[in-house]
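Survey of secondary and tertiary structure
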Amino acid sequence: MPVSDADMVRAWTHVLTLSKLKPQEVVTVLTSDGTHPQTLRTALIAASNLGARVNRLDLPPVNAEHAHSRDSLAYLGTTPLTGNRAAMAALKESDLVLDLMTLLFSPEQMEILESGTKILLAVEPPEVLVRLLPSLEDKVTVGEATALLKAAKEMHVTSRAGTDLRLPIGEFPTVQEYGFVDEPGRWDHWPSGFGFTFPNEGQASGRIVLDKGDILLPMKSYLTSQIEMTVERGYVTAITGGLDADLLNDYMDAFADPEAYAISHIGWGTQKRARWSTLGLYDREQTLGMDARAFAGNFLFSLGPNNEAGGSRTTACHIDIPMRNCTVRLDGRDVVREGKLLAGKELA
Ligand SMILES: O=c1ccc(O)c[nH]1
């Protein structure tokens with residue numbers, strides 16, 4: 001559905017205000033060839049209207065010769081910032097970077113954040129951005145979820161389909177994604193609405209049974225057959241099933257990287273305005289699939305890198321897998337029960 005520039009300027013103004021952008025602060029809009037022109041045009045207007053000093057840094061696209069998908073989250077790690085001293089200096093000197101290019105999971109992103117710069121990723125199309133505008137309520141909901149994560153020693157995920165996955169946690173920090181950056185050094189992704197952490201290195205174990213309707217990203221596919229994964233000492237050691245399993249195995253084989261099979265971030269969706277079915281209403285190249293990552297009650301786990309939380313794994317292969325109908329327990333207490341997000345007294 002087309003979005004008017006007026007609506008998109010209002011959306012950016014809302015998000016930049018939640019991000020506490022102040023007059024005279026330096027905003028650098030990071031762009032590349034895949035940047036959506038309306039997202040860029042309206043970001044510049046909104047930031048300028050709020051009195052910021054606005055720059056634009058346009059960088060050439062990279063990794064085309066490696067990636068088997070045009071999805072900006074499909075091939076991670078190296079970015080146009082790798083080795084680019086001038087660009088890094090500009091970004092580290094900015095108060096806020098609007099990433100309309102995708103730096104996610106890159107060492108450069110971590111270095112920029114460490115300088116106190118805030119980074120907000122916004123690469124979904126305008127119609128998704130305006131539909132999933134962040135709110136202070138989202139921040140509260142995600143904060144409650146990650147507080148439970150932070151206090152726990154083990155996440156245990158089960159499902160009627162046969163998933164039984166044990167995830168000792170505590171070695172890595174928690175990450176909150178609520179769609180705006182209101183503290184120095186914070187990264188976030190607009191749109192979102194979920195929290196996660198990473199399993200203790202080498203300690204995830206058990207079995208994951210992906211059921212019909214579970215989603216693979218960046219494939220943007222709903223499974224039509226089950227995929228079974230064996231998890232041992234933090235890595236997926238077997239991926240079996242039918243055509244869906246073959247397609248996933250074939251895609252991951254292309255990276256020829258054993259680190260791609262590591263369990264990466266683990267958490268659950270809390271965004272009540274995102275829906276499981278939405279992904280099916282878009283062409284696969286129109287969206288990153290953030291509705292799928294954020295819908296309330298999913299169990300979201302991923303494979304591949306963990307450098308975003310201070311780990312050392314920077315593999316380029318990154319698979320996000322939102323699952324339905326799982327029960328997620330923290331130290332024996334349900335936080336999601338058969339795909340339903342628990343809240344308030346239900347969490348007792
Ligand atoms: O916002 C995101 C997107 C992808 C991902 O793996 C984590 N967070």
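Please read these numbers as outputs of a predicted model, since none were measured by experiment.

**Description of the overall build of the chain**
A tally of helices and strands in the chain yields 8 helices and 20 strands. The dimensions of the chain, computed from C-alpha atoms along their principal axes, are 55 × 50 × 40 Å. For the chain, buried positions account for 58% of its 348 residues. A separation of at least 24 residues holds for 71% of the contacts in the chain among residues at least 6 apart in sequence.

**Concerning unusual backbone geometry**
Residue Trp 190 is joined to Pro 191 through a cis peptide bond whose omega torsion reads 10°. As for its position among the elements, Pro 191 is in the loop between strand 8 (187–189) and strand 9 (194–197). Each neighbour pair has its own omega, and for Leu 217 with Pro 218 the value is 20°, a cis peptide bond. Along the chain, the position of Pro 218 falls in the loop between strand 11 (215–216) and strand 12 (221–222). Even without glycine at this site, Lys 20 takes up a positive phi of about 60°. Residue placement: Lys 20 occurs in the loop between helix 1 (5–18) and strand 1 (26–31).

**Side note on the side chain of Lys 118**
One can find Lys 118 in strand 4 (residues 118–121). One buried charged side chain, Lys 118, makes no salt bridge at all; its nearest oppositely charged neighbour is Glu 25, positioned 5.1 Å away. Within the structure, the side chain of Lys 118 is placed 2.6 Å from the backbone oxygen of Ser 19, a separation counted as a polar contact. Filtering out sequence-adjacent residues up to four positions away, Lys 118 remains in contact with Ser 19, Lys 20, Asp 95, Leu 96, Val 97, Val 181, Glu 183, Pro 184, Gly 185 and Arg 186.

**Some words on the environment of Thr 79**
Structurally, Thr 79 is set in the loop between strand 2 (53–58) and helix 3 (85–92). On the basis of relative accessible area, Thr 79 is assigned to the buried category, the value being 8%. Residues Thr 79 and Gln 24 lie 55 residues apart in sequence; the distance between their C-alpha atoms is 29 Å. Non-local contacts of Thr 79, meaning those with residues more than four positions away in its chain, are made with Val 62, Leu 103, Ser 106 and Glu 108. A polar contact is formed between the side chain of Thr 79 and the backbone nitrogen of Leu 81, at a distance of 2.9 Å.

**Things to note about the pairing of strand 9**
A two-sided burial pattern is seen for strand 9, the buried positions comprising Phe 194 and Phe 196 on one face and Gly 195 and Thr 197 on the other. Sheet analysis places strand 7 (residues 175–177) next to strand 9, joined by 3 bridges and oriented antiparallel. Residue pairing across strands places Val 175 opposite Phe 196, the latter belonging to strand 9. Bridge analysis of strand 9 against strand 15 (residues 263–269) gives 4 bridges, and the strand direction is antiparallel. Residue pairing for strand 15: Phe 194 is matched across the bridge by Gly 269.

**Brief notes about the sheet that holds strand 19 (residues 333–337)**
An order of 14-13-10-6-5-18-19-20 is seen for the 8 strands of this open sheet, with the pairing classed as antiparallel. On the outer flanks of this sheet lie strand 14 (235–241) and strand 20 (340–341), each paired with one strand and no other. Inspection of the sheet shows strand 5 (residues 154–159) paired to strand 6 (residues 164–168) by 5 bridges, in the antiparallel sense. Counted as the bridge partner of His 156 is Arg 166 from strand 6. Helix-sheet contacts for helix 7 (residues 243–253) involve strand 13 (227–232) and strand 14, and the interaxial angle to strand 14 is about 140°.

**Side note on the sheet that holds strand 17 (residues 319–323)**
Strand order in the open sheet formed by 5 strands is 7-9-15-16-17, with antiparallel pairing between adjacent strands. Each having just a single partner strand, strand 7 and strand 17 make up the two edges of the open sheet. The mean inter-strand angle of the sheet, taken between neighbouring strand axes irrespective of direction, is 20°. Taken strand by strand, helix 6 (residues 136–151) contacts strand 7, strand 9 and strand 15, and its axis lies near 20° from that of strand 9.

**Quick word on the confidence of the model for the chain**
Residues of the chain with pLDDT of at least 70 account for 100%, and the chain-wide mean is 95. Here the complex is predicted with pTM 0.96, and the ipTM for its interfaces comes to 0.95.

Thresholds, definitions, all that
Residues numbered from 1 in each chain as written. Predicted model: local features only at pLDDT ≥ 70, side-chain atom pairs only at ≥ 80, totals over all residues. Heavy atoms only, no water. Helix = DSSP H or I, 4+ residues; strand = E, 2+ residues; numbered from the N terminus. Buried < 20%, exposed > 50% of the residue type's maximum accessible area, 1.4 Å probe, protein only. Contact = heavy atoms within 4.5 Å. Lys, Arg positive; Asp, Glu negative; His and termini not counted. Salt bridge = Lys/Arg side-chain N within 4 Å of Asp/Glu carboxyl O. Polar contact = N/O pair within 3.5 Å; in protein donor to acceptor, adjacent residues only side chain to side chain. Pairing = 2+ DSSP bridges. Axes fitted to C-alpha atoms, helices over the stretch in contact; angles between N-to-C directions. pLDDT = per-residue confidence, 0-100.

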